Amino acid sequence: MTKKKILVVDDEPSISMLIDFNLKLVGYEVMCVFDGEAVFEVIPQFRPDLIVLDLMLPKANGIEVCKRLREQNNLVPIIMLTALQDLSDKIAGLDNGADDYMTKPFSPQELISRIQAIFRRTSALPAAEMETLHIGPIRIQPDQREVTLHDTPIELTPKEFELLLFLCKHRGKVLSRQQLLHGVWDYHFIGDTRIVDVHISHLRDKIEKNARNPEYIVTIRNVGYKLTESVAKESLA
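Here the structure is a predicted model, which means the values were calculated and not measured. (Residues numbered from 1 in each chain as written. Predicted model: local features only at pLDDT ≥ 70, side-chain atom pairs only at ≥ 80, totals over all residues. Heavy atoms only, no water.)

Student: Before we move on, could you go through the sheet that holds strand β6 (residues 133-135) and cite the residues and values that matter?
Tutor: Read from one edge to the other, the open sheet built from 4 strands follows the order β6-β7-β8-β9, with strand pairing classed as antiparallel. This sheet does not close on itself; its edge strands, each paired only once, are β6 and β9 (152-154). Direction aside, neighbouring strands of the sheet carry axes that sit 25° apart on average. Relative to strand β7 (residues 138-141), helix α6 (residues 158-169) is tilted by about 105°, and along the sheet it contacts β6, β7 and β8 (146-149). (Pairing = 2+ DSSP bridges. Helix = DSSP H or I, 4+ residues; strand = E, 2+ residues; numbered from the N terminus. Axes fitted to C-alpha atoms, helices over the stretch in contact; angles between N-to-C directions. Contact = heavy atoms within 4.5 Å.)

Here is the structure:
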């Protein structure tokens, strides 16, 4: 089996060495670079399956790197690292295309767990889960990881796709943020549910006529979210 490739982008040599050592120990192929611009120099040849990306970088910071990658339609999963405690910095990373984030200092084992969770979620689906799903004018093709709205393709990040697919498979059911963290991010611990809210917001921007008054992904006050074909708004926050 071909090794998964992980690009580590951090300008602190001690952090890069720690991540590099632990990822190689569990069988990943790793390349380390130390500034934001270097990402775009190595991607064409290395073709990473996932990027571990520090927020504070020389030449181009992590948010700028995320934004440029997504603008280029590069949907490689990204885990952002940040030493900043300010929630707005973490949300900025998610808003610009990061799939997840971790705050320094962190456990290498937890990072590996997050990476493995992403790869589990993006691996080939069992044949029983490959049937095309519909919710109103939205069509989801799990085997091709494609989504269309009124037959027009929609560009979703890997995590946005997984979130929509999970909601569709549980259509009509109210799902708490913690249930979504467990089902989509594969977190087996109490995680930061703000990650869910940001990705829900991004999905609404892409599939709803009016993201502020959604028809499909509705908010259930003080509980979570529900995917429905109903346009009833009595439970909206």
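Student: So what about the packing of helix α2 (residues 36-46) against helix α3 (residues 62-71)? Which residues, and what values?
Tutor: As a packed pair, α2 and α3 sit with axes 9 Å apart at the nearest point and diverge in direction by 35°. Note on packing geometry: the crossing formed by α2 with α3 is right-handed. Contact residues: Gly 36, Glu 37, Val 39, Phe 40 and Ile 43 in α2; Val 65, Arg 68 and Leu 69 in α3. Class assignment of the residues belonging to the contact of α2 with α3 gives a composition of 5 nonpolar, 1 polar and 2 charged. (Left-handed = near helix turned anticlockwise from the far one by under 90°. Nonpolar A, V, L, I, M, F, W, Y, C, P; charged D, E, K, R; others polar.)

Student: Any chance you could break down the pairing of strand β11 (residues 217-220) for me, citing the residues and the numbers?
Tutor: Neither face of β11 is open: one carries Ile 217 and Thr 219, the other Val 218 and Ile 220, and all of them are buried. Two strands pair when backbone bridges link them, and β11 and strand β12 (residues 224-227) are joined in this way by 4 bridges, in the antiparallel orientation. Across the sheet, the residue bridging to Ile 217 is Leu 227, located in β12. Once β11 ends, the chain turns through 3 residues before running back antiparallel as β12, passing Asn 222 with a positive phi of about 65°. (Buried < 20%, exposed > 50% of the residue type's maximum accessible area, 1.4 Å probe, protein only.)

Functional significance is not addressed by these values, which are geometric in nature.
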